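If you want the building blocks of each chain, they are given just below.
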Amino acid sequence: AQSVAQPEDQVNVAEGNPLTVKCTYSVSGNPYLFWYVQYPNRGLQFLLKYITGDNLVKGSYGFEAEFNKSQTSFHLKKPSALVSDSALYFCAVRSRGSTLGRLYFGRGTQLTVWP
Amino acid sequence: SAVISQKPSRDICQRGTSLTIQCQVDSQVTMMFWYRQQPGQSLTLIATANQGSEATYESGFVIDKFPISRPNLTFSTLTVSNMSPEDSSIYLCSVERGTGTGELFFGEGSRLTVL
């Protein structure tokens, strides 16, 4: 069975500080991993993905994520948070060989960046 | 990136009625995906819609409850039938961004409230 866990419902950081949003996953075989962001009353926007290769992937808006196979984690990071980063963040996984659109999402982490 | 338009963006419905959600994409795509986001929950794939064939439903979702049409390569509809308050959710249409990227591009969703 495939699943994604985002252990923190909320993450609060001060603007300018580094941020981390945690994600761990369970999937058979090697995973495809994704981060999406959802702003209020908007659809999901793609941030970044890990398919293969370098464990550190860089995405939109200065975000990056590190794939750690031994810990089955894919934490989202940003060196310096902005107030405009405040949003709901979803981690998602898909196993290789599964249907293209069959992503398993975590429950989401609400990030609040305060000035 | 594809532009996905969903209608309605939101609606309030009475118990026992049905509502059809439309999804229009500005480019031809092979597969379209319908997701549900229940309040405070993660996203769950309902079904995959291919043009010219019946939709493929995920475990827990049935055609009688969520009939899907896919008349051409740019359009799909999802009907939520015989609604109950438990069907109150955001319903999202999605397509793959580009070809072979594995990334899903989402519409802004249709927020349904069932009274």
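Here the structure is a predicted model, which means the values were calculated and not measured. The numbers attached to residues start from 1 for each chain and follow its sequence in the written order. Chains carry letters from A onward and ligands carry numbers from 1 onward, assigned in written order. For a predicted model such as this one, the threshold for reporting local features is a pLDDT of at least 70, and the threshold for listing and counting side-chain atom pairs is 80 or more; totals across whole chains, interfaces and linings nevertheless cover every residue. Side-chain metrics in this entry use all non-hydrogen atoms of the structure; hydrogen atoms and water are not considered.

(A) Seen up close, the pairing of strand β5 (residues 31-38) of chain A. Residues and elements named next belong to chain A. Relative accessible area decides the class of each residue, using a 1.4 Å probe on protein chains only: under 20% of the type maximum gives buried, over 50% gives exposed, and in between gives partly exposed. Starting at the N terminus, helices and strands are each numbered in turn, a helix being any DSSP run of H or I of at least four residues and a strand any DSSP run of E of at least two. With respect to burial, β5 is a largely interior element, 8 of its 8 residues being buried. Of the two faces of β5, both are covered, the one formed by Pro31, Leu33, Trp35 and Val37 as well as the one formed by Tyr32, Phe34, Tyr36 and Gln38. Two strands are said to pair when DSSP picks up at least two bridges between them. Judged from the 8 bridges that link them, β5 and strand β10 (residues 87-95) form a sheet pairing that is antiparallel. What sits directly across from Tyr32, in β10, is Arg94. Direction of pairing for β5 relative to strand β6 (residues 44-50): antiparallel, over a ladder of 6 bridges.

(B) Geometry of the nonpolar core. Core analysis: the largest hydrophobic core is formed by 27 residues, its most contacted members being Trp35, Leu47, Leu48, Phe74, Leu76 and Tyr89 of chain A. Sorting the residues of this core by element identifies β2 (10-14), β3 (19-21), β5, β6, β8 (64-68), β9 (73-78), β10 and β12 (109-114) of chain A as the ones contributing at least two each. Contact definition: two residues touch when any of their heavy atoms are within 4.5 Å. Residues within four places of Phe74 of chain A in sequence aside, it is in contact with Cys23, Leu33, Phe34, Trp35, Leu48, Lys49, Tyr50, Val57, Ala65, Glu66 and Phe67 of chain A. Remark: nonpolar core denotes a set of buried residues (Ala, Val, Leu, Ile, Met, Phe, Trp, Tyr, Cys) joined through side-chain atoms within 4.5 Å. The next biggest cluster of nonpolar side chains, apart from the first, holds 26 residues, and it includes Ile4, Met32, Ile68 and Leu78 of chain B.

(C) Local environment of the pattern of salt bridges. Any Lys or Arg side-chain nitrogen located within 4 Å of an Asp or Glu carboxyl oxygen qualifies as a salt bridge. Tallied over the full model, the rule gives 6 salt bridges over all chains. In this structure, Asp87 of chain B and Lys65 of chain B form a salt bridge, with 2.6 Å as the shortest nitrogen-oxygen distance. Highlighted residues: Asp87 of chain B in the loop between β8 (75-80) and β9 (89-96) and Lys65 of chain B in the loop between β6 (56-57) and β7 (68-72), separated in sequence by 22 residues. In this structure Lys65 of chain B comes out as partly exposed when scored by relative accessible area, which is 21%. With a shortest N-O distance of 2.5 Å, Glu103 of chain B and Arg97 of chain B are connected by a salt bridge. Residue classification places Glu103 of chain B among the buried residues on the basis of a relative accessible area of 7%. Here the salt bridges do not stand alone but share partners, grouping Lys49 of chain A together with Arg97 and Glu103 of chain B into one network.

(D) Examining the packing of aromatic side chains more closely. The rule is short: rings of Phe, Tyr and Trp, with Trp giving its six-membered ring, pair when the centres are within 6.5 Å, and they are stacked under 30 degrees, edge-to-face over 60, tilted in between. Per the counting criterion, the structure on display carries 13 aromatic pairs over all chains. Here Phe105 of chain A and Tyr35 of chain B contribute two aromatic rings whose centre-to-centre distance is 5.7 Å and whose plane-to-plane angle is 85 degrees, an arrangement assigned as edge-to-face. Here Phe105 of chain A is found in strand β11 (residues 104-105), whereas its partner Tyr35 of chain B is found in strand β4 (residues 31-37) on a different chain. The pair formed by Phe105 of chain A and Tyr35 of chain B is uniform in burial state, with each residue classed as buried.

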